[in-house]
Each structure stands twice: as structure tokens, then as C-alpha cells.
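Close look at the chain arrangement
This is what each chain is made of:
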Amino acid sequence: MKEFDTIAAIATAVGESGISIIRVSGDKALSIVSSIFEGKNNRKIDDISPYSMRYGKIVDKFSKEMIDEVLVSFMKGPKSFTAEDSVEINCHGGIMSTNKVLEEVIKAGARIAQPGEFTKRAFLNGRIDLSQAEAVMDLIRAKTDLSMKSALMQSEGRISREIKDIRHDLLGVIAHIEATVDFPEEDLEEMTSDKIKIDLDNIINRIERLLDTASEGRIIREGLSMVIIGKPNVGKSSLLNSILMEQRSIVTDVPGTTRDVIEEYINLDGIPVKVVDTAGIRETEDLVEKIGVERSKEKISEADLVVLMLDLSRKLDSDDKEILEYIKNKKYIVILNKSDLKRELEECDFQDMKNIIEISAKNGEGIDLLKNKIKDLFFKGEINSTDLMITNSRHKEALYRAKEKCLASLETLNSGVSIDFASIDIRGAWINLGEVSGETLEEDIIDKIFSEFCLGK
């Protein structure tokens, strides 16, 4: 365990609530809180048993004026979240009372914790690895039940164990190569080039299986960005209202009603989907509408999925064809809206289009077809919460670099060069995979990761 000073922070959201919690961690946590705590009959908490609570009050260290009634709990290190002595003060919720209690803790000798510093200490003290630490923040930020379950699996170390197994296999290959090269006089089984290739092929396949889950995993973690586009008055805002099942966007018969981007989240079988309603894309002289059209085009470039709405009751024109050309390199769904009206679009208009759905946004018909099509495009029709997935872009990058090193090692072997040269890239792959758990990651990158955490965690 490393040596640290004692830190403190508010662990709950600051605002009006029944209870707020101030977390204190470090070797002086108990003595600091004890110096401002008075229990019944002036009892301190110096003799408190680990993993128990005591009722009392927090007082001003000098004037002994009462600050708040509290319950204090004590967790003895290393059996605590940070693997250090930790004290939690449960006080009344509210901005004033919570901040006053924290102020007394700071005056008694603790310092304000930096963002993510409690979790960082848990990592540095060896209680969790870096991927598990990152999962803690994913749990806090989870928008759906599925994203929460995915983060929970990572926090329990499922990804860490898989990466550890692959690193163990790489280490075995390195050890056999070095033993063969360095100790030829020993009666060791010679690691032939063919045997190394087989081992590396198996390792590459395992890495690729993890990488194959990265796209789905990112969506589960961060959500899917879906932008609804089309000409004015084709029914984009009606579609958004139908998906949300509420009147979020203003709907009129006047083209150009939506002048700005409107964003809302929906839960699609556990996937957080950010639905973006945009201004109708068309040539216009109206300055405000023109700004809205430019923002619409920006959202198209940022989106995971583009939903193009066409009006079945109007023929395809040059504006529609221009939009189709604009999105041809994106994942898209074409929605033929107003199926309740007389059809003017011809079948031949859609020969080069795919993923076409007919709906009536006004009546809410066909919305389930759209949701199923989204699942087909991104999750092969089924979303499975029990699968091991790579949800973190940093992990994906580390896996990708490890795969490249393994492929480079195979290329070295295929060129007929001595097998000890291949071990250089294999060792590089072993280091890259260690970045996932934080075993081989540089300190400044670790600091940056934890700086993105919330205060008190």
C-alpha cells in the first residue's frame, strides 16, 4: 500500500435531500473525524469497531458549536473501497449543512480530494485494476439497465481476466523463445517457428473476437446517435414525437417549423439512443433557417445512424436525391412516411436504396419496424446483456495495437528471420494488453483517466 495524505469529499449529489455523505480516506481519517465528533455522553469514535456506525454530532473544533447531527461509519483498511482507513459521515442533506460539515473536516486536517481520487487510490493500492476503476464511472453514468449490467460485469473483472489470460499465453511464448535461444545446451523442447505461428494465430483470434464486440460495446456504453433528416414538412418532428410518445417537437403544416436541432434520449431494449430532430434540409434565404440546415448537416457527420424521411404523397425530387447522395457512406434507414395518404412515389425510385420502411408517423404506425431495423443494423437483431464486450475506446485501441504487434511477429517468422527477433513484437503486444488493466500504462495517462471522474468517487 502506498503512502498518502488524508482526503475528503462529498460523495453524494449536492442539493436538497434526506441524507448527504462526506467520505474521508487515509491513515488519519479516524483521528480527524474523531476530533470534531461528539457522541452521546461526549463519547468520541477512537474506540469504534470497524464496519459499525455511531450516532452523534459534528462540532466546531474550536468553539464546540454544533454543526449537524450525524451518523459516522468506519471501514478499516485494507477492507475498504480505497484499501485505506475510511470514515463516512452521514449528515442532513442540503447545501449549507453538507458544506459546513466538509469544512470542519478540512479544518481538522484533511484536504479536498481531486476528481476520482478515491477510486485512484483503490487502483494504486491494488484493490482493483484500471479497467475495473473505469467501470465504476461507467456504472455512475449508465443511462439504461443494459449499460449498467455491462459496466457491472467489467467492474467484477471479466474483461481483466480475459486480458490476463491472453497476456499469460504471450508470456509463455516469450519464455519458450528466450529459453531456446539463451540456453541451447539445456535439454529443452525447441520452440520451432511453426509452433510459434500456431500459438500466435490462436492469440490473434482471441483478440479479434474481443475487437468484434467493440462497436456494439461502445453503443451500449455511450449510446447510439440517431439523426432524423429530410426536407421540410415530411414528418420528422411527428416521428420524434411518436418515438418519444409525447409532444416534444412542434408540428404544423408550415414548412420550416423546426429551425434548430432537438435532442432526446429513448431506451431501445436497454440501448440508450439519442434521437436528434433536425431542421429540414433545403435551399433557403432565411438566415435562421439556413443556420438550422448547417447544424443538421453537422449532426449527420456525427451520427451513428441517419434516418432519412421521404413523403410518400410527393414525388422524389432533386432535393431528396441530393440528400441521398450526402448520406450514402453512412449507415442509414429510409422511411417512407404518410402511408395513410395517396401514394405518389414510384417503386423505381428506390432501386438503389436499402433498409426501407413505410410508416405513418402521425398515427404511430410502423414505429416498431423502425426499432427492429435499428437492432438488425447494429446488434444482428438481438441485444444480449450477458456477452463479454469491449465498451471502452481506450481498451479497443490497446487491443488493436497488440494485434498489430502479433501480426508483425508473424511476418518476421514468415520471412525466415531467427525466432528471437519475433519476441520483440510479442513483448510489445504483452505491454499493450497490460495497458487495459493499467499494469504497463504511464503515470500521466493514469492521472488523465481519473481526472475525468466525478468528485467524491
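Residues numbered from 1 in each chain as written. Predicted model: local features only at pLDDT ≥ 70, side-chain atom pairs only at ≥ 80, totals over all residues. Heavy atoms only, no water.

1. Remarks on the confidence of the model for the protein chain
- For the protein chain, per-residue confidence averages 82 on the pLDDT scale, and residues scoring 70 or more make up 86% of the total.
- For the stretch residues 249-259, pLDDT sits under 50, and the model shows 30 contacts to residues farther than four places along the chain or on other chains. (pLDDT = per-residue confidence, 0-100. Contact = heavy atoms within 4.5 Å.)

2. Details of the sheet that holds strand β8 (residues 224-229)
- The mixed open sheet is built from six strands, whose spatial order is β9-β10-β8-β11-β12-β13. Unpaired on one side and paired on the other, β9 (262-268) and β13 (356-358) mark the two borders of the sheet. Shown here is a sheet whose adjacent strand axes are inclined to one another by a mean of 25°, direction ignored.
- Sheet topology places strand β12 (residues 332-337) next to β13; three bridges connect them, and they run parallel. Bridging from a neighbouring strand, Val334 pairs with Ile356 of β13. (Pairing = 2+ DSSP bridges. Helix = DSSP H or I, 4+ residues; strand = E, 2+ residues; numbered from the N terminus. Axes fitted to C-alpha atoms, helices over the stretch in contact; angles between N-to-C directions.)

3. A word on the sheet that holds strand β6 (residues 86-92)
- The strand order β3-β4-β5-β6-β2-β1-β7 describes an open sheet built from seven strands, whose pairing is mixed. Here the strands that pair on one side only, and so sit at the sheet edges, are β3 (37-39) and β7 (111-112).
- The pairing of strand β4 (residues 52-59) with strand β5 (residues 66-75) spans eight bridges and is antiparallel. Note on β5: the bridge partner recorded for Ser52 is Phe74.
- Strand contacts of helix α2 (residues 95-107): β1 (7-10), β2 (19-25), β4, β5, β6 and β7, with the helix running at about 175° to β1, the strand carrying the most contacts.
- Docked against the sheet, helix α3 (residues 117-124) engages β1, β2 and β7, running at close to 135° with respect to β1.

4. Observations regarding the packing of aromatic side chains
- With the rule as written, the count across this model stands at two aromatic pairs.
- Ring centres of Phe123 and Phe450 lie 6.0 Å apart, and the angle between their planes is 35°; this geometry places the pair in the tilted category. Of this pair, Phe123 sits in helix α3 while Phe450 sits in helix α15 (residues 443-451), and the two are 327 residues apart along the sequence. Accessibility assignment for this pair places Phe123 and Phe450 in one class, buried. (Phe/Tyr/Trp six-rings, centres within 6.5 Å; stacked < 30°, edge-to-face > 60°. Buried < 20%, exposed > 50% of the residue type's maximum accessible area, 1.4 Å probe, protein only.)

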